[in-house]
Amino acid sequence: MVLKTFGWSFAVTALGLVAAVLYGGWTAFGVVAILSVLEISLSFDNAVVNAGILKKMNAFWQKIFLTIGILIAVFGMRLVFPVVIVAVSANLGLIEAVDLALNDKDKYQQLVTDAHPSIAAFGGMFLLMIFLDFVFEDREIKWLGWLERPLAKLGKVDMLSVCIALVILLISSMTFAKNAHQHGGGHADKAETVLLSGVAGLITYLIVGGLSGFFEGRLEAEEEREHEAEENARRSGKKVSAVAIGGKAAFFMFLYLEVLDASFSFDGVIGAFAITNDIVLMALGLGIGAMYVRSLTVYLVRQGTLDEYVYLEHGAHYAIGALSIILLITIQYEIHELITGFIGVALIGWSFWSSVRRNRALAAEEQALGEKAEPHSGAGV
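Reference entry: report on the structure contained in this document. Bear in mind that the values here come from a model prediction, so they are computed numbers and not experimental data. (Residues numbered from 1 in each chain as written. Predicted model: local features only at pLDDT ≥ 70, side-chain atom pairs only at ≥ 80, totals over all residues. Heavy atoms only, no water.)

### Quick word on the side chain of Arg-294
Alright, step 1. Within the fold, Arg-294 resides in helix 11 (residues 279-303).
Alright, step 2. A polar atom in the side chain of Arg-294 sits 3.3 Å from the backbone oxygen of Gly-69.
Alright, step 3. Not counting residues up to four positions away in its chain, the partners in contact with Arg-294 are Phe-65, Leu-66, Gly-69, Ile-70, Ala-73, Glu-258 and Asp-261. (Helix = DSSP H or I, 4+ residues; strand = E, 2+ residues; numbered from the N terminus. Polar contact = N/O pair within 3.5 Å; in protein donor to acceptor, adjacent residues only side chain to side chain. Contact = heavy atoms within 4.5 Å.)

### Side note on the packing of aromatic side chains
Alright, step 1. This model, assessed by the stated rule, comprises nine aromatic pairs.
Alright, step 2. Linked through ring pairs, Phe-6, Phe-10, Tyr-292 and Tyr-299 together constitute an aromatic cluster. (Phe/Tyr/Trp six-rings, centres within 6.5 Å; stacked < 30°, edge-to-face > 60°.)

### Considering a nonpolar patch on the surface
Alright, step 1. A surface patch of nonpolar side chains, about 480 Å² in accessible area, is lined by Val-80, Val-84, Val-88, Leu-94, Val-98 and Leu-102.
Alright, step 2. Broken down by secondary-structure element, the contributors of at least two residues to the nonpolar patch are helix 3 (68-89) and helix 4 (94-103).
Alright, step 3. On the basis of relative accessibility, which here comes to 36%, the residue Val-98 falls in the partly exposed class. (Patch = residues over 30% accessible without salt bridge, like charges linked within 9 Å, V, L, I, M, F, W, Y side chains within 5 Å. Areas by Shrake-Rupley, 256 points an atom, 1.4 Å probe, with all protein chains shown as cover. Salt bridge = Lys/Arg side-chain N within 4 Å of Asp/Glu carboxyl O. Buried < 20%, exposed > 50% of the residue type's maximum accessible area, 1.4 Å probe, protein only.)

### Overview of the packing of helix 4 against helix 5 (residues 105-114)
Alright, step 1. Close contact between helix 4 and helix 5 brings their axes to 6 Å; oriented N to C, the two are set at 120 degrees. Relative to helix 5, the element helix 4 lies oblique. For helix 4 against helix 5, the interelement crossing comes out left-handed. Between helix 4 and helix 5, the contacting residues are Ala-97, Leu-100, Ala-101, Leu-102 and Asn-103 on the first element and Lys-105, Lys-107, Tyr-108 and Leu-111 on the second. (Axes fitted to C-alpha atoms, helices over the stretch in contact; angles between N-to-C directions. Parallel < 35°, antiparallel > 145°, perpendicular 65-115°, else oblique. Left-handed = near helix turned anticlockwise from the far one by under 90°.)

### Structural notes on the nonpolar core
Alright, step 1. The biggest cluster of nonpolar side chains holds 79 residues, and the ones touching the most others in it are Phe-126, Leu-127 and Ile-130.
Alright, step 2. In terms of residues, this core owes the most to one element, helix 1 (residues 2-54), which gives 14 residues.
Alright, step 3. Of all hydrophobic cores here, the second largest spans ten residues; its members include Val-83, Val-86, Ala-101 and Leu-111. (Core = buried A, V, L, I, M, F, W, Y, C linked by side-chain atoms within 4.5 Å.)

### Regarding unusual backbone geometry
Alright, step 1. The phi angle at Met-159 is positive, at roughly 60 degrees, despite the residue not being glycine.
Alright, step 2. Examined against the element boundaries, Met-159 turns out to sit in the loop between helix 7 (145-154) and helix 8 (160-182).

### Let's talk about the environment of Ala-87
Alright, step 1. If you trace the backbone, Ala-87 turns up in helix 3.
Alright, step 2. Between the C-alpha atom of Ala-87 and that of Ala-97, which follows or precedes it by ten residues, the distance is 5.4 Å.
Alright, step 3. Setting aside residues no more than four positions away along its own chain, Ala-87 makes contact with Leu-92, Gly-93, Leu-94 and Ala-97.

Below, the structure is given as structure tokens:
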């Protein structure tokens, strides 16, 4: 099972490390290995959230996620995206940006760093909306009940998550503009860009998430009608053809996953510059890491891990909330990637341990009930 799920990841790892050695020797090998570990540690919460969405999709779309999706993730977000950001922010042509990335790595790194505030605003707002919509929803299973119960009551207020997200964005952009003005920096004119980027992240979430939810709802309604038709046919002894279900729901869920992955990859791409400014090594290292995240997502789905460890999804969403706030803070202040990775791993680890304790408690309760029932069953024989 492990080899089947992670086989492509192992193969890509081997090819990527060999390519690194051929490209830059053993130093490049070490850099790519470090970047791979960085990407995996920063994106583990991504895999857990992805699994919660992917388990609703059929085997075909799971394969699309692992094939076309990984091409978008590796080549689109880890290779093309940083170049496009530089081209847009510096008013360069795409070919000029590629030439800059390959031949003037220091200037390329500086341009990407300059574009970080707008990148962080977009990704931070998208991830913040995911977190807010999760904690404001009234769920049957609650992890931190003392916090989630009152938040679920507040969630009954329409558009509350959007209002909170916009207030946080306004505070972030105003703080950025104020600090830039006080220090006489050249970023004061970018405050408007930060605001627009954050609004774009919010709009992207509302459009993609809304379409995904709409078509998912239609898909569930069609499946329910199909089930009722089959039941009626079974009772009357007739045969009925299955209702044709379109792939729009799965497509928009796939699109949602890709935008989600893009938002998660922002911190990995920016953080990679702390290790290297060589775009080839970045693409190799982050690409290998992205492959493992994809494989881990499918593994969690096929093993039913989220159903067994019910608080994992909660922990991952709290990690998303932490990451969104960190991204918004990094608009103005620098935060080390190790802190980001540690917070995410700590929250998921805590939720995993809570799930284990819950399962043990339930098992002990069932055993106690079974022992109480045994004397009664014995007396009746």
